[in-house]
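Observations on chain architecture
Below, each chain spelled out in residue letters.
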Amino acid sequence: MNILLCGESVFVEELTSIITENNHNVVAIATSVAQSADFLKTSGYDAVLIGFNEEESYALLQDFKPDNHIRVWVSIIDFNLNIWKKFATLGAIAISRGTESESISKYKPSELNTVSSKTSINPDPEMEQIKKTDRKVRQERLEAKTAKVGVLKNRVFSVYSPKGGAGKTTVTTYLANIIGKHSGLKVCIIDLDHTREGSDIARKFGYFLVNDSPPNNVITNWATFPERDYRSWDKVSQYVTETSLNNLYFLSSPWNVEDVEFMTGDLIEKVTHILKQHFDIIIFDMSDDLRDNNTKALEISDNILFVTGADLDQIDISSGFTQRTVRKLNLPIEKFRLVFNKVPNKIPYTLEESAQKIGLPQFASIPYDPEVEKYRTTKLGINEDLSKTPFGFAVYRLAQEILPEGAITKKHNKRPWFLRLFKRKGVV
Ligand SMILES: Nc1ncnc2c1ncn2[C@@H]1O[C@H](COP(=O)(O)OP(=O)(O)OP(=O)(O)O)[C@@H](O)[C@H]1O
Ligand SMILES: [Mg+2]
């Protein structure tokens, strides 16, 4: 039996050995409620064992509709009949902490199937019909909800460069803006650059250190976010900052540089799992300084946009990173997407040659545009006039490339206006 194990680290550690001793497999381990919610959405397991505190386990299961063939156990410390009933309504079996081994070893999936087929010899046809319709409606609702975004739901990207000033923050903000504007997907930028006072991303949206107040939230505040509320947008929205741009939110890095010690890898993981429940796309703006916390972000990203300039020094630094550091960090190179930035009109060698040196195929190329770094006078650090320039088009193409086909489209009606008119009247 393939078991998904969810709970605090002590619980999962203990249960992992118990499960394997019983000759079952632990297919995945989730140590936070939000991470569990993520894993429950995947497949490849026949049973789930959950061992958070009662409230958290209950919150987690409210969202999860297990398939009939998946067995769900919840391990409870203060087990009683009422709790058993409460979980039974969610399709889960509450068991007393310490008896997990017993329940797991007793459970035989094949036996259960025969039992259930015996009991359903005379199924009530009316009830069967209701069940069928209910399943269909649920499926349709789910499809409608995810039709637009398809498989791209909950993508996590990081924008990284081993050299400062390559354009990570610029690429992050323009890219996030384009995704939010043209796909209707909800985007959250998480600023993980802890190397300066304040937050570069916050500055892009008009929050300055001097004579101004910080944005209403910074990543370190998430340490006190109650995990059981991970589904509540009311709560979560108080922990991120909305921008003036469509569908775009951000989370600032620690406002004081010395607070970086609280921005741990675990915290980044917790925040990401929770935000994934509310945002379609999460983009990390990184610093070049790779500490534990930043490497955690690279680890949990689906893709890493690897930004590099096109001059010899930067190419050398970038190839050093892909050929040495990536191996040391044990990161899968397939996740990396090479993005040339600030590419001048003329260079004495081709970008293909540079890409070869770096050891990654060229994924995108963004030209140098003096307007990007033009003296800034407005509080919004994005210049929307650039959308029709080669710079704007390049970022637009990058957004198209990193998302599945069709996610980024200009809104247009495919049918000519006169046909649409006819259709409305019922002629066509
Ligand atoms: N395509 C571009 N054309 C012209 N200027 C650019 C371009 N991309 C970025 N810049 C400019 O380069 C400078 C550095 O960019 P940015 O702050 O985005 O880099 P970064 O990699 O985030 O830097 P840091 O490592 O300091 O966080 C900024 O002045 C920015 O305006
Ligand atoms: Mg930056």
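As a reminder, the structure under discussion sits directly above these lines.
Residues numbered from 1 in each chain as written. Chains lettered and ligands numbered in written order. Predicted model: local features only at pLDDT ≥ 70, side-chain atom pairs only at ≥ 80, totals over all residues.

Here we come to the sheet that holds strand E8 (residues 241–242). Taken together, the 8 strands give an open sheet; going across it, the order is E8-E9-E7-E10-E6-E11-E12-E13, and neighbouring strands pair in mixed fashion. Bordering the open sheet on either side are E8 and strand E13 (362–367), each of which pairs with just one other strand. As defined by bridge partners, strand E7 (residues 187–191) adjoins strand E9 (residues 248–251) across 4 bridges and the pair is classed as parallel. Each bridged residue has a counterpart across the sheet, and for Ile189 the counterpart in E9 is Phe250. With respect to the sheet, helix H12 (residues 292–300) is in contact with strand E6 (155–160), strand E10 (281–285) and strand E11 (303–308), its orientation differing from that of E6 by roughly 135°. (Pairing = 2+ DSSP bridges. Helix = DSSP H or I, 4+ residues; strand = E, 2+ residues; numbered from the N terminus. Contact = placed C-beta atoms within 7 Å. Axes fitted to C-alpha atoms, helices over the stretch in contact; angles between N-to-C directions.)

This next bit is on the site of ligand 1. In the vicinity of ligand 1 there are 20 residues, among which Gly164, Gly167, Thr169, Thr170 and Glu373 approach most closely. Going through the elements one at a time, helix H8 (168–183) and strand E12 (336–343) are the ones with two or more residues in the shell around ligand 1. With 3 residues, H8 is the largest single contributor of residues to the shell around ligand 1. Its residues assigned to classes, the shell around ligand 1 comprises 5 nonpolar, 8 polar and 7 charged. (Near = placed C-beta within 6 Å. Nonpolar A, V, L, I, M, F, W, Y, C, P; charged D, E, K, R; others polar.)

What helix H14 (residues 351–358) keeps buried is the set Ser354, Ala355 and Ile358. Here the buried residues of H14 occupy an arc of 100° about the axis, which is enough to place them on one side. Among the exposed residues of H14, those pointing more than 90 degrees away from its buried face are Glu352 and Glu353. Considering only its buried residues, H14 is in contact with E11, helix H13 (312–329), E12 and E13. Gly359 sits one or two residues past H14 and shows a positive phi near 90°. (Buried ≥ 20, exposed ≤ 12 C-beta atoms within 10 Å, placed from the backbone. Arc of directions from axis to C-beta.)

Picture the strands of a sheet paired through backbone hydrogen bonds; they go either parallel or antiparallel. Read from one edge of the open sheet, 5 strands run E2-E1-E3-E4-E5, paired in parallel fashion. Two strands bound the open sheet, and with one partner strand each, they are strand E2 (25–30) and strand E5 (93–96). The mean angle between the axes of side-by-side strands here comes to 25°, regardless of whether they run parallel or antiparallel. Lying over the sheet, helix H1 (residues 9–21) contacts strand E1 (2–7), E2 and strand E3 (47–51), oriented at roughly 160° with respect to E1.

Here we take up the packing of helix H2 (residues 33–40) against helix H3 (residues 54–62). Between H2 and H3, whose axes approach to 10 Å, the crossing angle comes to 30°. For the element pair H2 / H3, the angle class is roughly parallel. H2 and H3 meet at a crossing whose hand is right-handed. On H3, the residues touching Val33, Ser36 and Ala37 of H2 are Glu56, Ala59 and Leu60. For the contact of H2 with H3, the per-class residue count stands at 4 nonpolar, 1 polar and 1 charged. (Parallel < 35°, antiparallel > 145°, perpendicular 65-115°, else oblique. Left-handed = near helix turned anticlockwise from the far one by under 90°.)

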